[in-house]
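So the chains spell out like this:
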Amino acid sequence: MNILTVNLLFSTLVFGIAAKLYLIPKLPDFEPSSVVLPILLLHALRHLGLMFLAPGAVFPGIPQQFTYPAAFGDLLAAVLALIAIPAVVRESRFARPLVGLFNVVGSLDLIAAISLAPIYDAAPYMGPAYWIPAFWVPALLITHYVVFVLLGSRWTGPM
């Protein structure tokens, strides 16, 4: 097991503990939009995954079989989050389906990137972008989980 995997697992564990202690028990007290909007805003920053394509942010030789799917998957998730935000704010009947689409696509992107990184041995080439899978991805994973909880049991009907 490489250090990046250890960082990813431990950071996910810490974010998971924080969500279980502080957020999940309070979900019934909040309107779904008040929880999902900050999460959508956080994920709208996933354009930062394009750093995997930026010389200087990663070391030369990083496998393109990892960088392109990771970068463009993140960009797609960011765009879907941005599209969902106005629907949630306006309490549109499209809010829940758009949030669901964002959440499924964004989760699959993270699972794909987490799987592709070790397959193509991307960790040694991460360079300054190392913080993305070591810190950012775990936070995104846990917030996707929170949205799945909302979609599955707490959010009924339009917002």
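Our subject is the structure listed above.
A. Seen up close, helix α3 (residues 64–89). Here α3 spans 37 Å end to end across 26 residues, near enough to the 38 Å set by a 1.5 Å rise per residue. Residue E91 follows α3 closely and has a positive phi angle near 55°.

B. The arrangement of the pattern of salt bridges in detail. Across all of its chains, the model carries 2 salt bridges by this definition. Here D74 and R46 are joined by a salt bridge, their closest N and O atoms 3.0 Å apart. With D74 in helix α3 and R46 in the loop between α2 (32–43) and α3, this pair connects stretches of sequence that are 28 residues apart. Each member of the pair, D74 as well as R46, is classed as buried. Residue class for R46 comes out buried when judged on its relative accessible area of 0%. Within this structure, R46, D74 and D109 form a network of salt bridges that share partners.

Criteria and thresholds
- Here the residue index of a chain counts from 1 through its sequence in written order.
- For this predicted model, a pLDDT threshold of at least 70 governs which residues receive local features, and a threshold of 80 or more governs which side-chain atom pairs are given and counted, while totals over whole chains, interfaces and linings are taken from all residues.
- Computation of side-chain values covers all heavy atoms of the structure but excludes hydrogens and water.
- By the criteria applied, helices consist of DSSP H or I runs no shorter than four residues and strands consist of E runs no shorter than two, each listed in order from the N terminus.
- Multiply 1.5 Å by the residue count of a helix minus one, and that product is the helix's expected span.
- Think of a salt bridge as a Lys or Arg side-chain nitrogen and an Asp or Glu carboxyl oxygen that are within 4 Å of each other.
- For each residue, the accessible area found with a 1.4 Å probe, counting protein chains only, is set against the maximum for its type, and the residue is called buried under 20%, exposed over 50%, and partly exposed in between.

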